[in-house]
Amino acid sequence: MPELPEVQTIINGLNSKVLGKEITKIIELRPGTVYRQFPITSLDNIISISRKGKYIILQTSSNYKLIIHLRMTGKLIFENDLTKTSNHARAEIVFSDKTKLIFDDVRTFGKIQILKFNEEVPALINLGVEPLSEEFNIIYLKNKLKNRKAPIKNALLDQTVIAGLGNIYVAEILFRAKVHPATSANNIKSTKLERIVSETKIILREAIKHNGTTISDYRNVEDKTGEFQNFLKVYGKKICKCGAMIQKIKQAGRTTYFCEECQR
DNA sequence: CTGGGAACCTGAAAGC
DNA sequence: TGCTTTCAGGTTCCCA
Ligand SMILES: [Zn+2]
């Protein structure tokens, strides 16, 4: 479900709602949701909240960290009333001031991992650059794609190339850059790669400004939808602004939306 | 190393 | 009206 702009919106919400709070317990409501080699004890205050790609990282004062991935349908909902629950609550992070975060996840793909602060996980180590950082530029992208003959759509979804893009934003980026999604990644002209880089940064910033995209499940920490779905140009659309029908194809098991007229 | 399909799971929507 | 199939903002494992 959530891609970089949605995760960033959640990070912003968590920073205003739970930064500094003391965790009293983490309740696993569905087995397999929480991986813990170590017990989180009391006196664990949340001292920093950040993300890498789509991974949410909460660091605690006793040198542990929680790594949370929401996958397709995960949500983190802040709740003032400890008696309240949600339809698909899989875990709860309870705070000493009688508030909590509910980890709600219909499809149960999402996970919470509790690790020592300095412990690394492979998926995080292998992440590509942050698309909104200076490191994401034409030189980096050209180098990353030089041996990739797979479609550019698939390459951009690869989290080891760029951290945080997903199915919606990749479709929107390729539309804005006027690149056909089936083009081999190593076969794209520099001018087009430059467009992909710049459009990626523009669209992600816009989407964050509008609190992310809600197609069905995504909600922020206050259980509210985003608004960027109102600005999408191809994802989930039937007709392009040029008048042509939007095409819908499968690439590596994922649906790709694009316009044959605008993207060549 | 690269790339694609299956698997993981639930529920809504579309198809018949 | 029901029953069946398809589809979904993601990642990981397995195999060519
Ligand atoms: Zn068009």
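Anything mentioned here points back to the structure above.
Structural notes, computed from the coordinates. Remember, predicted model here, so these are calculated numbers, not experimental data.

### Some words on the protein's contact with DNA strand B
Thought 1: With respect to spatial proximity, the complete set of residues near DNA strand B consists of Arg30, His88, Val106, Arg107, Thr108, Phe109, Arg148, Lys149, Ala150, Pro151, Asn154 and Ala252.
Thought 2: A share of 66% is what sugar and phosphate atoms reach among the atoms of DNA strand B within 4 Å of the protein.
Thought 3: Taking valine 106, its main chain carries an N or O atom lying 3.5 Å from a sugar or linking oxygen of DNA strand B.
Thought 4: Asparagine 154 places a side-chain nitrogen or oxygen 3.2 Å from a phosphate oxygen of DNA strand B.
Thought 5: Looking at the surface near DNA strand B, its residues break down into five nonpolar, three polar and four charged.

### Some words on the coordination of the zinc ion
Thought 1: With distances of 2.2 to 2.5 Å, the protein atoms coordinating the zinc ion are Cys240 (SG), Cys242 (SG), Cys259 (SG) and Cys262 (SG).
Thought 2: Geometry at the zinc ion is tetrahedral, judged from its four donor atoms and the angles of 104 to 113° they form at the metal.
Thought 3: Summarised as a motif, the one-chain spacing of the donors to the zinc ion is C-x1-C-x16-C-x2-C. Across the pair, cysteine 262 and cysteine 259 agree in class, each one buried.

### Observations concerning a positive patch on the surface
Thought 1: A surface patch of like charges, here positive, comprises Lys238, Lys248, Lys250 and Arg254.
Thought 2: Turning to its location among the elements, arginine 254 is positioned in strand β11 (residues 254-258).

### Topic: the pairing of strand β3 (residues 44-52)
Thought 1: Pairing geometry for strand β1 (residues 22-28) and β3, over two bridges, is antiparallel. Bridge pairing in β3 links isoleucine 23 to aspartate 44.
Thought 2: Here β3 runs beside strand β4 (residues 55-60); their pairing, made up of six bridges, is antiparallel. Among the inter-strand pairings, isoleucine 46 is bridged to a residue of β4, identified as threonine 60.
Thought 3: In sequence, β3 turns back onto β4 through a hairpin of two residues, with glycine 53 there showing a positive phi of about 55°.

### Some words on the side chain of glutamate 6
Thought 1: Residue position: glutamate 6 is located in helix α1 (residues 4-17).
Thought 2: Buried glutamate 6, no salt bridge; nearest opposite-charge side chain is lysine 54, N-O distance 8.2 Å.
Thought 3: Within the structure, the side chain of glutamate 6 is placed 2.7 Å from the backbone nitrogen of threonine 213, a separation counted as a polar contact.
Thought 4: Residue contacts for glutamate 6: discarding those within four places in its chain leaves Tyr169, Gly212, Thr213 and Tyr218.

### Some words on the protein's contact with DNA strand C
Thought 1: Near DNA strand C there are 25 residues, and of these Met1, Ser216, Tyr235, Arg254 and Thr255 occur at the shortest range.
Thought 2: Within 4 Å of the protein, atoms of DNA strand C come from sugar and phosphate in 56% of cases.
Thought 3: Within the backbone of serine 216, one N or O atom sits 2.4 Å away from a base oxygen of DNA strand C.
Thought 4: Interatomic distance of 2.7 Å between a backbone N/O atom of aspartate 217 and a base oxygen of DNA strand C.
Thought 5: Secondary structure elements with two or more residues in the surface near DNA strand C: α5 (167-177) and β11.

Cut-off values and rules
The numbering scheme is per chain: residues are counted from 1 as the chain's sequence reads. Chains carry letters and ligands carry numbers; both start at the beginning, A for chains and 1 for ligands, and go up in the order they are written. Local features are withheld for residues below a pLDDT of 70 in this predicted model, meaning they are given only at 70 or higher, and side-chain atom pairs are given and counted only at 80 or more; totals for whole chains, interfaces and linings count all residues. Heavy atoms throughout the structure, all of them, feed into the side-chain values; hydrogens and water do not. Put simply, a residue is near a molecule or strand once any heavy atom of it comes within 4 Å of that molecule or strand. What qualifies as a polar contact is a pair of N or O atoms within 3.5 Å, subject to a donor-acceptor requirement within protein and to the restriction that residues adjacent in sequence count only when both atoms come from side chains. Any residue outside Ala, Val, Leu, Ile, Met, Phe, Trp, Tyr, Cys, Pro, Asp, Glu, Lys and Arg is labelled polar, Gly included; the first ten of those are nonpolar and the last four are charged. Each metal's donors are the N, O and S atoms within 2.8 Å of it, or within 3.2 Å when it is Na, K or Ca, and because water is not part of the set, sites may look incomplete. The rule is simple: four donors are tetrahedral if all their angles sit between 85 and 135 degrees, four are square planar and six octahedral if opposite donors span more than 155 degrees and the others lie between 65 and 115, and anything that fits none of that is irregular. Only protein chains enter the accessibility calculation, which uses a 1.4 Å probe; a residue is then buried when its area is under 20% of its type maximum, exposed when over 50%, and partly exposed in between. The patch calculation keeps residues exceeding 30% relative accessible area without a salt bridge and links them within 9 Å when they carry like charges or within 5 Å when they are nonpolar (Val, Leu, Ile, Met, Phe, Trp, Tyr). The Shrake-Rupley method, run with a 1.4 Å probe, gives the accessible areas here. Residue values count only the displayed protein chains as cover. One speaks of a salt bridge when a side-chain nitrogen belonging to Lys or Arg is within 4 Å of a carboxyl oxygen belonging to Asp or Glu. For the purpose of counting charges, residues Lys and Arg are taken to be positive, whereas Asp and Glu are taken to be negative. His and the chain ends are not included. Every charge is mapped onto a representative atom, which is NZ of Lys, CZ of Arg, CG of Asp or CD of Glu. In this text, helices come from DSSP runs of H or I with a minimum length of four residues, and strands from runs of E with a minimum of two, each type numbered from the N-terminal end. Two strands are said to pair when DSSP picks up at least two bridges between them. Residues count as neighbours in contact if any of their non-hydrogen atoms are within 4.5 Å of one another.

All we've got here are geometric facts, nothing functional implied.
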